[in-house]
Amino acid sequence: MRKFFELMPEAGLKGYSYVDNYYLGGFDRLSIIQAKRCNQDELSRVKICIEDTNLQLADFMGGVIDWPTLSDKFFNLIKDIIFSDVQVLDLPLFSQATGGEIKGYRLLNILSLVDCVDKSRSLVTPGIRGEDIITELYIHSNLVPDDVNIFRIPDCLDGIIVSEEFLARIRGKGLKGVVMSEVS
């Protein structure tokens with residue numbers, strides 16, 4: 001039986017950078033969270049600012065917008081096992097401290113949705129927008145296709161789930177700002 005993990009940023013908790021502010025310029029913020037394919041040209045109007053004052057640049061950042069923002073180093077470790085499950089987008093990323101553009105980061109638009117929540121065991125409450133908020137997640141791992149290594153759960157605005165194969169690719173590689181929690 002395959003194991004799965006929730007991928008989370010360690011935003012600011014241990015001195016790592018995180019997304020602190022953003023300007024969307026008309027871009028639909030939820031399209032990234034809802035697994036909708038995005039237009040790169042529309043994303044070019046967006047400005048994402050990270051808090052990096054006296055903080056180390058993280059390889060995986062979250063924050064006020066909750067878009068999976070990862071370094072090229074992180075992306076290059078996993079790209080060949082996630083390419084069919086994601087849309088990779090260039091992200092206009094800027095330093096809150098200096099205002100300068102920060103290069104070497106990508107935005108992952110996770111397009112795979114897998115309905116695998118074990119609702120009899122998970123703690124699920126409704127959010128203000130009608131989305132599910134899952135505070136204790138249990139899944140039916142047998143419902144996750146063998147070739148899927150990163151996915152979201154339908155109607156759940158937070159939570160990125162990755163496979164043990166994904167974890168094996170990044171373990172021990174010196175990535176900063178990445179936390180994994182096993183999903184039962």
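You'll find the structure just up there.
Residues numbered from 1 in each chain as written. Predicted model: local features only at pLDDT ≥ 70, side-chain atom pairs only at ≥ 80, totals over all residues. Heavy atoms only, no water.

What about the side chain of Arg2?
Convention followed: By definition, any uninterrupted DSSP run of H or I lasting at least four residues is a helix, any uninterrupted run of E lasting at least two residues is a strand, and each is numbered from the N terminus. In protein, a polar contact requires one atom able to donate a hydrogen and another able to accept it; more generally it is a pair of N or O atoms within 3.5 Å, and residues adjacent in sequence count only if both atoms are side-chain atoms. Any two residues having at least one pair of non-hydrogen atoms within 4.5 Å are treated as being in contact.
As for its position among the elements, Arg2 is in the segment before strand 1 (4–9). Side-chain polar atoms of Arg2 contact the backbone oxygen of Pro145, separated by 3.0 Å. There is a polar contact of 2.9 Å between the side chain of Arg2 and the backbone oxygen of Val148. The contacts of Arg2, once residues within four sequence positions are left out, are Ser141, Val144, Pro145, Asp146, Val148, Asn149, Ser163, Glu164 and Glu165.

A few points about the pattern of salt bridges
Charged atoms that come close allow side chains of opposite charge to pair. For clarity, the cut-off: When a carboxyl oxygen of Asp or Glu lies within 4 Å of a side-chain nitrogen of Lys or Arg, that pair is called a salt bridge. We call a residue buried when its accessible area falls under 20% of the maximum for its residue type, exposed when it is over 50%, and partly exposed in between, using a 1.4 Å probe and counting protein chains only.
All told, the structure shown has 6 salt bridges when counted by the stated rule. With a shortest N-O distance of 3.5 Å, Asp72 and Arg106 are connected by a salt bridge. Pair noted here: Asp72 is in helix 3 (residues 72–82) and Arg106 is in strand 8 (residues 105–110), with a separation of 34 residues, a long-range link. By relative accessible area, which is 25% here, Arg106 ends up partly exposed. In this structure, Asp118 engages Arg121 in a salt bridge whose closest nitrogen and oxygen atoms are separated by 3.8 Å. A relative accessible area of 47% means that Arg121 is categorised as partly exposed. Counted as one network, the salt bridges with shared partners bring together Asp72, Asp90 and Arg106.

A word on the nonpolar core
Just so we agree on the cut-off: Definition used in this section: a nonpolar core is a set of buried Ala, Val, Leu, Ile, Met, Phe, Trp, Tyr and Cys residues joined via side-chain atoms within 4.5 Å.
Of all hydrophobic cores here, the largest spans 21 residues; its most connected members are Phe27, Ile48, Trp67 and Leu93. Sequence-distant contacts of Trp67, defined by excluding residues within four places in its chain, comprise Leu24, Phe27, Arg29, Ile32, Ile33, Leu43, Val46, Ile48, Met61, Leu91 and Leu107. With 19 residues, the next largest nonpolar core counts Ile78, Ile81, Leu108 and Val162 among its residues.

Let's talk about the sheet that holds strand 1
Pairing between the strands of a sheet comes from backbone hydrogen bonds, and it takes one of two forms, parallel or antiparallel. Quick note on the threshold: Only strands joined by at least two bridges in the DSSP assignment are considered to pair.
If you walk across this open sheet you meet the 4 strands as 11-12-1-13, and the pairing is antiparallel. Each edge of the sheet is formed by a strand with only one pairing partner; in this case those strands are strand 11 (150–151) and strand 13 (178–183). Note: strand 1 against strand 13, 6 bridges, orientation antiparallel. Opposite Phe5, over in strand 13, you have Glu182 as the bridge partner.

Remarks on the sheet that holds strand 6 (residues 86–90)
What counts here: Interaxial angle, 0 to 180 degrees, is taken between N-to-C directions of lines fitted to C-alpha atoms, where a helix line uses only the stretch in contact.
Pairing is antiparallel across the open sheet formed by 4 strands, whose spatial order is 4-5-8-6. Edge positions in the open sheet fall to strand 4 (60–61) and strand 6, since each of these has one partner strand only. Taken together, the 2 bridges between strand 4 and strand 5 (residues 69–71) define a ladder with antiparallel strand orientation. Bridge pairing in strand 5 links Phe60 to Leu70. Taken strand by strand, helix 3 contacts strand 4, strand 5, strand 6 and strand 8, and its axis lies near 105° from that of strand 5.

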